[in-house]
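# Report on the structure
This is what each chain is made of:
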Amino acid sequence: MTNKPAFTEKKFIVTFVFVTSLFLMWGLLHSMSDVLNKHFQNVLNLSKSQSGLIQFSVFGAYFIMSIPAGYFLKKFGYKPGVILGLILFALGLFLFVPAANAASFTFFRIALFIMGCGMATLETVAHPFAAALGDQRRSDQRVNFAQTFNAVGTMIGPAIGSYFLLGSDTVHSTDLTSVKTLYVAIGCVIILIAVAFMFLKIPVLTDPHAETSAIDPDAVNVDVEPSKKLYQHSHFVWAVAAQFFNVAAQAGTWAYFINYGVDIMHFSNEKAGYFMIIFMGMMALGRIVGTSLMTYIAPNKLLAAFACGSILMCLIVAQSLGWTSYIALLMINFFFSIMFPTIFSLGIKNLGSHTQQASSFIAMGVVGGAVFPMVMGQIANHSVAHAYYLPIICYAVIFLFGAKLYKVKH
């Protein structure tokens, strides 16, 4: 019997810590964008569906940038890819200053788009990067572990955003000073991380998706049919579709979480924003529990089970049952927790030399988050609770992927 491979190797630990920090930073900014939804509704007098254009700008950038980022990664490697992503990330954040000075929602959307290009680049690079830092048989756990810190970032984001953006809101106020201060400060942190990455010495990597294991001849480490084109790998194609619907559900659920607290639970803006910390904490808990369960349960089976949990929670949320529905809303994030990284890691199995290109396509599937919040927003304008029926469609697709469509066909 072959010994269980190590989670990662000693020589990769420092690199893995730095890569994990990237997951935290884009998690922080993603969740802060959902606080920005409510802030712009208040300050710029936007409707719920109009504020959904924030997610359209950020996630739309994934559709535009993921493929170029994949090619950049393939040509120049992981480290230059990370640095490019961080520079674009910081540039978008610094553009919040002229956008706030002009009090222009259009200008803000341009800044958010550039920020999103940086996020898309980082996600395209970081997932295969984390997967490459050790044996492929533990890649699902490594990516989920790194995504746990993404969940930590999503808790920090609402805490910071609620304090700076929702705490002092006044009706019809046009003061955007807090937005400028907050986003420039985060941009400076991103620049510091970029500088640190420039000086980071990364050990030579042998991509576990592209090498054959000499220890375990039964290990699934290579593309068993290297002549196959990428789109001929059905599990990859379905992973792109599953990721599209996964991020669509996530973006819509997050975008109107604060609105649900205000409209259905009758919380203040600030109180609803602080509940988002618990909401994101449920995702962190879900990733910790999910990563542990993957030691005993196959990742695809756990993915299917969590998709069923999400469907049940959405049904309860849509009923407007007070605290029962609100707790169910919190639980959606628990079940959502493992979906993104697990879909990603299942989708790049056995792709050999196609792995990096496949990563960019799966990251491009994130464009689902650009469309769905606006669709949900149209319903949320009338009933924010009933808008939560829509994500059920998304979770049904994810269930099918985890139950059957994930399989690698030789």
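About the cut-offs
Sequence positions are assigned chain by chain, starting from 1 and proceeding in written order. Only residues with pLDDT of at least 70 are given local features in this predicted model, and only at 80 or more are side-chain atom pairs given and counted; all residues enter the totals for whole chains, interfaces and linings. For the side-chain quantities, the full set of heavy atoms in the structure was used; hydrogens and water were omitted. Here a helix means four or more residues in a row that DSSP labels H or I, a strand means two or more in a row labelled E, and each is numbered from the N terminus. For a compact globule the rule gives 2.2 Å times the number of residues to the power 0.38, and the radius of gyration it is set against comes from C-alpha atoms. Partly exposed residues are those whose accessible area sits between 20% and 50% of the maximum for their type, while under 20% is buried and over 50% is exposed, using a 1.4 Å probe and protein chains only. Each accessible area is a Shrake-Rupley result for a 1.4 Å probe, and residues are judged covered by the shown protein chains and nothing else. For every residue, the predictor assigns a confidence score, pLDDT, that lies between 0 and 100. We call two residues in contact when some of their heavy atoms are within 4.5 Å. A residue counts toward a patch only above 30% relative accessible area and without a salt bridge, and it is joined to like-charged neighbours within 9 Å or, for Val, Leu, Ile, Met, Phe, Trp and Tyr, to nonpolar neighbours within 5 Å. Whenever Lys or Arg places a side-chain nitrogen within 4 Å of a carboxyl oxygen from Asp or Glu, that contact is recorded as a salt bridge. Orientation is described by axes fitted as lines to C-alpha atoms, over the contacting stretch for helices, and by angles from 0 to 180 degrees between their N-to-C directions. Each crossing gets its hand from how the near helix is turned against the far one by less than a right angle, where anticlockwise is left-handed and clockwise is right-handed. Side-chain classes are defined by residue name, with Ala, Val, Leu, Ile, Met, Phe, Trp, Tyr, Cys and Pro counting as nonpolar, Asp, Glu, Lys and Arg as charged, and the others, Gly among them, as polar. In the cavity and pocket records, a cavity denotes points on a 1 Å grid over the protein atoms alone where a 1.4 Å probe fits but cannot get out, a pocket denotes an open set with protein on both sides within 12 Å along at least 5 of 7 lines, and lining residues are residues with an atom within 4 Å of a point. Grid points are joined across faces, edges and corners, and a volume is the space filled by probe spheres set on the points.

In terms of helices and strands, the chain carries 17 helices and zero strands. At 20 Å, the chain has a C-alpha radius of gyration in line with the 22 Å of a compact globule built from 410 residues. Dimensions of the chain, computed from the C-alpha atoms along their principal axes, are close to 65 × 45 × 35 Å. A buried classification covers 60% of the 410 residues belonging to the chain. For the chain, the computed accessible surface area is about 15500 Å², with 69% contributed by carbon and sulfur atoms.

The next thing to look at is unusual backbone geometry. Here the phi dihedral of asparagine 45 falls at roughly 55°; this positive angle occurs in a residue that is not glycine. Checked against the element boundaries, asparagine 45 lands in the loop between helix H1 (13-43) and helix H2 (48-51). Among the residues examined, asparagine 45 registers a relative accessible area of 47% and is labelled partly exposed. In this model, histidine 266 sits at a positive phi of 60°, which is unusual for a non-glycine residue.

Our focus in this paragraph is the confidence of the model for the chain. Overall, the predicted model of the chain reaches an average pLDDT of 84, with 90% of residues at or above 70. In the model, residues 208-224 has pLDDT below 50 throughout and makes 37 contacts with residues more than four positions away in sequence or in other chains.

Moving on, we get to a nonpolar patch on the surface. Where nonpolar side chains cluster on the molecular surface, the patch consists of Ile87, Phe94, Ile191, Val195, Met198 and Phe199 and spans about 560 Å² of accessible area. Of all elements in the fold, only helix H4 (78-94) and helix H8 (177-199) reach the threshold of two or more residues within the nonpolar patch. Tracing the backbone through its elements, the reader meets isoleucine 191 in helix H8.

The interhelical angle for the contact between helix H12 (residues 299-317) and helix H14 (residues 339-347), taken along N-to-C directions, is 145°, at an axis separation of 10 Å. As for the relative orientation of H12 and H14, their crossing is left-handed in sense. Residue-level contacts link Pro299, Asn300, Leu303, Phe306, Ala307 and Ser310 of H12 to Met339, Thr342, Ile343 and Leu346 of H14. In terms of residue class, the contact of H12 with H14 is made up of seven nonpolar, three polar and no charged.

By the element assignment, lysine 349 lies in the loop between H14 and helix H15 (355-364). For the pair lysine 349 and tyrosine 406, spaced 57 residues apart in the sequence, the C-alpha separation amounts to 9.5 Å.

Here we take up empty space enclosed by the protein. Within this structure, the stated rule accounts for four cavities of 30 Å³ or more. By volume, the largest cavity amounts to about 150 Å³. Looking at the largest cavity, it is lined by 17 residues, and the ones nearest its centre are Trp26, His30, Glu123, Asn150 and Gln250. Elements represented by at least two residues in the lining of the largest cavity include exactly H1, helix H3 (53-76), helix H7 (139-166), helix H9 (234-255) and helix H11 (269-293). Empty space within the second largest cavity amounts to approximately 50 Å³. In terms of lining residues, the second largest cavity is bounded by His30, Ser33, Asp34, Ile54, Gln55, Val58, Phe59, Gln250, Ala251 and Trp254.

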